[in-house]
Amino acid sequence: MNTLGQDARHHGTAVGLNVDRITINGGKPLRGRIELKGAKNLVTKAMVAAILGDTPSVLKDVPNISDVRIVRGLLEVHGVTVTHGVDEGELILDPSAVESAHMADIDAHAGSSRIPILFCGPLLHRLGEAFIPDLGGCRIGDRPIDYHLEVLRNFGAIVEKLPTGIRMSAPNGLHGAKVSLPYPSVGATEQVLLTAVLADGITELSGAAIEPEIMDLVNILQKMGAIITVDTDRVIRIEGVEKLSGYTHRAISDRNEAASWAAAALATEGDIFVGGAKQADLLTFLNVFRKVGGAFEIHDDGIRFYHPGGELKPVIIETDVHPGFMTDWQQPLVVALTKAKGVSIVHETVYEQRFGFVDALIEMGASIEVHKECLGGRPCRFGQRNFKHSAVISGPSQLHGADIEVPDLRGGFSHLIAALTAEGRSTVSNVGIIARGYEDFITKLELLGADFELEG
């Protein structure tokens, strides 16, 4: 089994998915209702934030996904006690016995996850030192950790690169800093927030990411006792405090999963009610969904996404940081765009290598060309760097069944959508990677009436 296959198996078995492949008989509309839990991109960071408190925290609506299992393992090797609460999806995190962990233990639990870098600020506050192994992640771009290391140096951390990873120390404690990000990186913004709240003095972060998951992390930290001001010009100011307490918090729902199921409804000419989906977090997606020809209804308890009939329309999309069109939304929607009459353009400006998943769609009969040029309305930071980051989708195309391999989280879910849309049988392998961010997606496919078999 190759490295990607081993990684897929690891993620799948972490949540009880003991299969490698799914064979789908496509061409059947998905219809029914599924429910969302908390956002992967918030929940994992909220779990790390619990280290900062001097009392236990309670986090609600935690999804059973492998990324959560990874963070739980990392917390436990650092001495944090993690137990289930009374309600489904409720975790109690007790950081009273936080301790250093061996690099090998961290590496064993982290796998290809990049989450260990966010442990550094909280551990430097609690223990005066932190260790991280070599970092992995989905194969969608470079995503260097230079931002993180430079941020931590600004706070006074001493960074030492070792053959097996990185050791950090803070012999004189951490102090407030003035940080300016050249790009509104979500991970770097999280790093600043998790480090600055207990740093001595005031931190000013300019060029910050302001995604809903970032703002919910700010809510959590404020509940713990932090003093954080968010300005309209992407400037966040944090006044360091002497101590923080635990929190009780219900995570915001996963807008990326909501958009994925919405794209599945559109591509399969189906009708899916996504319980827990929030209009405010999906405003930009909903506008594009409607322009393509999809329809939706907003309800108090979720959003109904459906194909109203008729031809889908081509669109031009540029991914961007919030409040723009999220990079995580484009991959599932590209599958639906293969059925639109005309030429659509998707210009990816967030991750430079996010179009690897279209190879499988082309094999299935899609007409997609990927270009190095910026084909959206404006040039981006990848335009002079020789990356294929613009896609031209011509349609409509009828996809046909094929054997395809999941390359990454969102690309993998896009392959599921393609197989559900295609005529004939498709076998999708390495499906465990999808379990990184989609809770119990096999059961949800069953609820929506998909025709499939599990293998391996």
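Residues numbered from 1 in each chain as written. Predicted model: local features only at pLDDT ≥ 70, side-chain atom pairs only at ≥ 80, totals over all residues. Heavy atoms only, no water.

In plain terms, the rule: UniProt positions are given in the numbering used here, feature names are shortened, and annotations may be inferred rather than shown by experiment.
With an unreviewed UniProt entry as reference, the protein is termed UDP-N-acetylglucosamine 1-carboxyvinyltransferase, source organism Agromyces bauzanensis. The annotation that UniProt attaches to the protein under Pathway (unreviewed entry) is "Cell wall biogenesis; peptidoglycan biosynthesis." Under Subcellular location (unreviewed entry), UniProt gives the following word-for-word description of the protein: "Cytoplasm".

1. Looking at the packing of aromatic side chains
Definition in use: Two rings from Phe, Tyr or Trp (for Trp, the six-membered ring) form a pair when their centres sit within 6.5 Å of each other. Planes less than 30 degrees apart are called stacked, planes more than 60 degrees apart edge-to-face, and all others tilted. Numbering of helices and strands runs from the N terminus; a helix is a DSSP stretch of H or I covering at least four residues, while a strand is a stretch of E covering at least two. Here the term buried applies to any residue with accessible area under 20% of the maximum for its type, exposed to any over 50%, and partly exposed to those in between, with areas from a 1.4 Å probe on protein chains only. Two thresholds decide whether a charge sits over a ring: the Lys NZ or Arg CZ must be within 6 Å of the ring centre and within 35 degrees of the ring normal.
Counted according to the given criterion, the structure contains 10 aromatic pairs. Judged by centre distance (5.4 Å) and plane angle (80°), the rings of phenylalanine 289 and phenylalanine 305 are edge-to-face. You can see phenylalanine 289 sitting in helix 10 (residues 283-292) and its partner phenylalanine 305 sitting in strand 16 (residues 302-306), a full 16 residues away along the chain. The residues phenylalanine 289 and phenylalanine 305 share a single accessibility class, namely buried. Geometrically, the ring pair formed by phenylalanine 382 and phenylalanine 387 is edge-to-face, given 6.1 Å between the ring centres and 85° between the ring planes. The same class applies to phenylalanine 382 and to phenylalanine 387, which are both buried. Put simply, the rings of Phe285, Phe289, Phe305, Phe325 and Trp329 pair up and form one aromatic cluster. Between arginine 304 and the ring centre of tyrosine 306, over which it is positioned, the NZ or CZ distance is 3.8 Å. Stacked on the ring of tyrosine 183, the Lys or Arg arginine 381 has its end atom at 3.6 Å from the ring centre.

2. Some thoughts on the environment of isoleucine 65
Mapped onto the secondary structure, isoleucine 65 falls in the loop between strand 3 (57-60) and helix 3 (66-77). For isoleucine 65, a relative accessible area of 1% gives the class buried. On a C-alpha basis, the gap between isoleucine 65 and threonine 189 in space is 23 Å, while along the polypeptide they are 124 residues apart.

3. Concerning the nonpolar core
Here is the rule: Only buried Ala, Val, Leu, Ile, Met, Phe, Trp, Tyr and Cys residues count toward a nonpolar core, and they belong to the same one when joined by side-chain atoms within 4.5 Å. For this analysis, residues touch if any pair of their heavy atoms sits within 4.5 Å.
Residues Leu93, Met168 and Leu221 are the most contacted members of the largest nonpolar core, which totals 76 residues. Apart from the residues within four sequence positions on either side, leucine 221 is in contact with Ala49, Leu52, Leu193, Leu194, Val197, Ala226 and Ile228. Counting residues in hydrophobic clusters, the runner-up holds 75 residues, among them Ala258, Val292, Val334 and Ile417.

4. Overview of the UniProt feature "binding site: phosphoenolpyruvate" (unreviewed entry) in the protein
Threshold: In protein, a polar contact means a hydrogen-donor-capable atom and an acceptor-capable atom, both N or O and within 3.5 Å, with residues adjacent in sequence counting only if both atoms are side-chain atoms; elsewhere, any N or O pair within 3.5 Å suffices.
Those places that UniProt annotates as "binding site: phosphoenolpyruvate" (unreviewed entry) correspond, in this numbering, to Lys40 and Asn41. As for its placement among the helices and strands, lysine 40 is situated in helix 2 (residues 40-49). Once residues lying within four places of it in the same chain are set aside, the contact partners of lysine 40 are Ile65, Asp67, Asp254, Leu409, Arg410, Arg436 and Gly437. With respect to the secondary-structure elements, asparagine 41 resides in helix 2. Each residue touching asparagine 41, except ones within four places of it in the same chain, is listed here: Glu190, Glu213 and Asn256. Separated by 3.2 Å, the side chains of asparagine 41 and lysine 40 make a polar contact.

5. Comments concerning helix 9 (residues 255-267)
Since there are 3.6 residues in each turn of an α-helix, residues three or four apart along the chain are aligned in direction. Inclusion rule: Working rule for helices: expected span equals 1.5 Å times residues minus one.
For helix 9, which comprises 13 residues, the first-to-last C-alpha distance of 18 Å matches the rise-based estimate of 18 Å (1.5 Å per residue) to within 8%. Within helix 9, 13 of the 13 residues are buried, which leaves the element mostly enclosed by the surrounding structure. Near the N-terminus of helix 9, the side chain that reaches the backbone nitrogen of asparagine 256, with its oxygen 3.0 Å away, is that of aspartate 254. Looking one or two residues past helix 9, glutamate 269 carries a phi angle of roughly 60°, positive in sign.

6. Comments concerning the pattern of salt bridges
Keep this limit in mind: Every case where a carboxyl oxygen of Asp or Glu lies within 4 Å of a side-chain nitrogen of Lys or Arg is listed as a salt bridge.
Tallied over the entire structure, the rule returns 25 salt bridges. Where lysine 444 meets glutamate 257, a salt bridge forms, and the shortest distance between an N and an O atom there is 2.6 Å. Of this pair, lysine 444 sits in helix 14 (residues 441-447) while glutamate 257 sits in helix 9, placing them 187 residues apart in sequence. When sorted by exposure, lysine 444 lands in the same class as glutamate 257, which is buried. The partner of glutamate 311 in a salt bridge is lysine 341, and the shortest N-O contact between them spans 3.7 Å. Pair noted here: glutamate 311 is in the loop between strand 16 and strand 17 (316-318) and lysine 341 is in the loop between helix 11 (327-337) and strand 18 (342-347), with a separation of 30 residues, a long-range link. Connected via shared salt-bridge partners are Lys178, Glu204, Asp231 and Arg237.

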